[in-house]
Amino acid sequence: MSGRQGLGVLWAVGLWLALLAGIVVAWSPRYWAVSVAITSLSIITICRLIRARSFRFPLQTLLVALIGAWGFLQIALHTTLLPQLTLESSIVWALGAGAFVLGSQILRDRAPRHLFMKLLVWSLTVLAVCAMLQFFGAPERVFGIFPAINGVTGTLLSRNQFAALMELAAPISLWYMLDRNPTPGGLCYAMILAATFTSASRAGVILVLSELVVFLVGLLFARRREAKAFLPVFAGLGLLVAVAAIIAGTDQIRARFEDRNPYELRRELFDSTLKLIAERPWSGYGIGTWRAVYPRAATFDIAVLANEAHNDWAQWACDGGIPFLLLMAALVAWLAKPAIQSIWGLGVLSVMVHSYVDYPIREPALSFLWFALAGAVSQFEGKHFGFKRRMPSEDAG
């Protein structure tokens with residue numbers, strides 16, 4: 001391994017640790033957990049800015065930079081109703097944009113990217129197993145140590161956020177299977193799918209299984225001549241799905257699917273959010289302000305705090321205006337083809353689909369992981385711009 005490759009591998013390990021640090025403490029509702037995610041990502045971002053000699057940005061970076069700066073623009077132009085809330089949320093969005101750049105820079109070469117993906121899939125598999133053990137324990141404890149507050153699944157505060165984490169992990173395990181690791185990759189996938197069943201997230205189960213279907217269809221079309229050779233793979237994956245269902249049990253998720261009107265509350269929230277959007281369609285109310293402005297358009301009393309719109313796309317339009325919504329839609333559309341081509345990037349699209357019925361990337365640690373993987377996916381697009389800077393040692397020489 002050359003010196004450049006060795007350094008790239010170290011950066012990949014550093015990025016993995018920075019992202020994982022925020023995920024493993026996200027179970028705490030206190031702000032220190034968010035601070036861990038922000039601090040760990042900030043440290044590696046600063047180190048990369050200091051040490052990098054050249055920058056090679058995918059074209060999607062232009063969109064992401066605007067997305068990350070949107071809240072600050074709202075503050076500068078005085079279009080946000082609550083500047084303090086917008087500032088707090090804008091810091092997270094800006095760091096998300098930074099995670100995208102880090103992913104595109106650190107994971108653009110094969111060796112660092114493969115190491116990062118392997119570390120990520122194994123660590124998320126461990127978290128999946130811990131989530132299942134937590135569910136079957138009494139009382140529920142995170143890692144068997146810390147008391148879990150109501151709703152915590154794995155290391156995240158809600159079942160849907162945990163399911164989104166599994167949506168990101170599942171395609172990586174399928175890619176790992178294809179990368180000459182059928183047994184460990186299959187084991188990882190079985191545990192990830194079982195944990196998704198355990199979470200009892202309807203959207204999560206549908207999307208993780210949909211990722212499997214897309215993977216199998218893509219594999220079949222890409223290697224038609226070898227279709228017969230892949231029959232054992234298809235059979236093995238079918239067996240893994242059955243094993244995962246047996247391990248996790250299907251009673252809870254089946255009961256949730258039998259709910260006759262599962263999205264009644266979400267529909268009411270969505271209708272109220274549409275009313276807010278109609279009042280300020282272009283400027284929005286300010287990034288991070290939905291919770292504060294929602295009561296003015298509420299059509300019913302749910303007797304509890306409505307913390308989010310349960311539809312990120314609608315909430316983005318409410319907070320940032322329709323232009324911000326279009327920026328996010330353009331980014332996702334631009335990432336679609338390379339995400340499918342990579343296999344491991346399918347989760348980037350799945351989480352965005354999940355965002356139509358929930359708010360998975362409102363959790364900063366999960367948001368940073370999504371943006372980092374999106375940055376890695378963007379390198380498959382092929383069009384870039386960049387520059388090389390002179391280091392102080394070069395000037396001295």
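In this report, we go over the structure that sits alongside the text. (Residues numbered from 1 in each chain as written. Predicted model: local features only at pLDDT ≥ 70, side-chain atom pairs only at ≥ 80, totals over all residues. Heavy atoms only, no water.)

### Details of the overall build of the protein
Okay, step 1: Helices and strands together make up the secondary structure of the protein, namely 16 helices and four strands.
Okay, step 2: Of all 397 residues assigned to the protein, the portion counted as buried reaches 51%.
Okay, step 3: Long-range contacts, defined here as pairs at least 24 residues apart, represent 77% of the contacts in the protein between residues at least 6 apart.
Okay, step 4: Working note: accessible area of the protein is about 18,000 Å², and carbon and sulfur atoms make up 65% of it. (Helix = DSSP H or I, 4+ residues; strand = E, 2+ residues; numbered from the N terminus. Buried < 20%, exposed > 50% of the residue type's maximum accessible area, 1.4 Å probe, protein only. Contact = heavy atoms within 4.5 Å. Areas by Shrake-Rupley, 256 points an atom, 1.4 Å probe, with all protein chains shown as cover.)

### Side note on the nonpolar core
Generally speaking, nonpolar side chains in soluble globular proteins are found buried as a group.
Okay, step 1: Core analysis: the largest hydrophobic core is formed by 95 residues, its most contacted members being Phe-116, Met-352, Phe-368 and Trp-370.
Okay, step 2: Top contributing element to this core by residue count: helix H6 (residues 159-178), with 12 residues.
Okay, step 3: Contact partners of Phe-368, with chain neighbours within four places excluded, come to Leu-19, Ala-37, Ile-38, Leu-41, Val-92, Leu-95, Gly-96 and Ala-99.
Okay, step 4: In terms of nonpolar packing, the next biggest core, distinct from the first, is built from 11 residues, Leu-276, Trp-290, Tyr-294 and Cys-318 among them. (Core = buried A, V, L, I, M, F, W, Y, C linked by side-chain atoms within 4.5 Å.)

### Observations concerning empty space enclosed by the protein
In this approach the atoms are scanned with a rolling probe the size of a water molecule, which exposes any empty space left behind.
Okay, step 1: Applying the stated rule across the entire model yields one cavity of 30 Å³ or more.
Okay, step 2: By volume, the largest cavity is sized at about 30 Å³.
Okay, step 3: In terms of lining, the largest cavity is formed by Ala-18, Leu-19, Gly-22, Ala-37, Ser-40, Leu-41, Ala-365 and Phe-368.
Okay, step 4: Counting residues per element, the ones that place at least two in the lining of the largest cavity are helix H1 (3-24), helix H2 (31-51) and helix H15 (364-378). (1 Å grid on protein atoms, 1.4 Å probe; cavity = no way out; pocket = protein on both sides within 12 Å on 5 of 7 lines; lining within 4 Å. Points joined across faces, edges and corners; volume = space filled by probe spheres on them.)

### Some details on H15
Okay, step 1: The end-to-end C-alpha distance of H15 is 21 Å, a good match for the 21 Å that 15 residues give at a rise of 1.5 Å each.
Okay, step 2: For H15, the tally of buried residues reaches 15 of 15 residues, placing the bulk of the element in the interior. (Expected span 1.5 Å × (residues − 1).)

### Details of the side chain of Arg-202
Okay, step 1: Along the polypeptide, Arg-202 turns up in helix H8 (residues 202-222).
Okay, step 2: Side-chain polar atoms of Arg-202 contact the backbone oxygen of Arg-256, separated by 3.0 Å.
Okay, step 3: Ignoring sequence-local partners within four residues, the contact set of Arg-202 consists of Ile-253, Arg-256, Phe-257, Asp-259, Pro-262, Tyr-263 and Arg-266. (Polar contact = N/O pair within 3.5 Å; in protein donor to acceptor, adjacent residues only side chain to side chain.)

### Here's the deal with the pattern of salt bridges
Okay, step 1: Using the criterion set out here, one finds four salt bridges in the structure.
Okay, step 2: Glu-308 is paired through a salt bridge with Arg-291; the nearest N and O atoms lie 3.9 Å apart. Residue Glu-308 is located in the loop between helix H12 (290-293) and helix H13 (312-342), and its partner Arg-291 is located in helix H12; the two are separated by 17 residues in the primary sequence.
Okay, step 3: On the basis of relative accessible area, Glu-308 is assigned to the buried category, the value being 11%.
Okay, step 4: Linking Asp-312 and Arg-362 is a salt bridge whose minimum nitrogen-to-oxygen distance equals 2.7 Å. Highlighted residues: Asp-312 in helix H13 and Arg-362 in the loop between helix H14 (346-354) and H15, separated in sequence by 50 residues.
Okay, step 5: Owing to a relative accessible area of 22%, Arg-362 belongs among the partly exposed residues under this scheme. (Salt bridge = Lys/Arg side-chain N within 4 Å of Asp/Glu carboxyl O.)

### Some words on helix H7 (residues 182-199)
Okay, step 1: Taking 1.5 Å of rise per residue, the 18 residues of H7 would be expected to cover 26 Å, and the 25 Å separating its terminal C-alpha atoms lies within 8% of that figure.
Okay, step 2: Counting buried residues in H7 gives 14 out of 18 residues, a clear majority hidden from the surface.

### Comments concerning the packing of helix H3 (residues 60-76) against helix H4 (residues 83-106)
Helices that pack against each other are described as a pair by the angle of their axes relative to one another and the distance between those axes.
Okay, step 1: The N-to-C vectors of H3 and H4 enclose an angle of 165°; their axes lie 8 Å apart at closest approach. With respect to H4, the element H3 is oriented roughly antiparallel. For the crossing formed where H3 meets H4, the hand is left-handed. Here Gln-60, Thr-61, Val-64, Ile-67, Gly-68, Gly-71, Phe-72, Gln-74 and Ile-75 of H3 come into contact with H4, specifically with Pro-83, Thr-86, Leu-87, Ser-90, Ile-91, Trp-93, Ala-94, Ala-97, Phe-100 and Val-101. (Axes fitted to C-alpha atoms, helices over the stretch in contact; angles between N-to-C directions. Parallel < 35°, antiparallel > 145°, perpendicular 65-115°, else oblique. Left-handed = near helix turned anticlockwise from the far one by under 90°.)

### Observations regarding the packing of aromatic side chains
Describing an aromatic ring pair means giving the distance of the ring centres and the angle of the ring planes.
Okay, step 1: What the rule picks out here adds up to 12 aromatic pairs.
Okay, step 2: Aromatic pair Trp-313 and Tyr-356: ring centres 5.2 Å apart, planes at 15°, arrangement stacked. One end of the pair, Trp-313, is in helix H13; the other, Tyr-356, is in the loop between H14 and H15, with 43 residues separating them in the sequence.
Okay, step 3: Classification of Trp-313 by relative accessible area gives buried; the value is 9%.
Okay, step 4: By way of ring pairs, the aromatic residues Trp-70, Trp-93, Trp-313, Trp-316, Phe-324, Tyr-356, Trp-370 and Phe-371 are connected into one cluster.
Okay, step 5: Taking NZ or CZ as reference, Arg-48 lies 5.1 Å from the ring centre of Trp-11, over its face.
Okay, step 6: Across from the ring centre of Tyr-285, 5.4 Å away, lies the NZ or CZ of Arg-280, which sits over that ring. (Phe/Tyr/Trp six-rings, centres within 6.5 Å; stacked < 30°, edge-to-face > 60°. Lys NZ or Arg CZ within 6 Å of the ring centre and 35° of its normal.)

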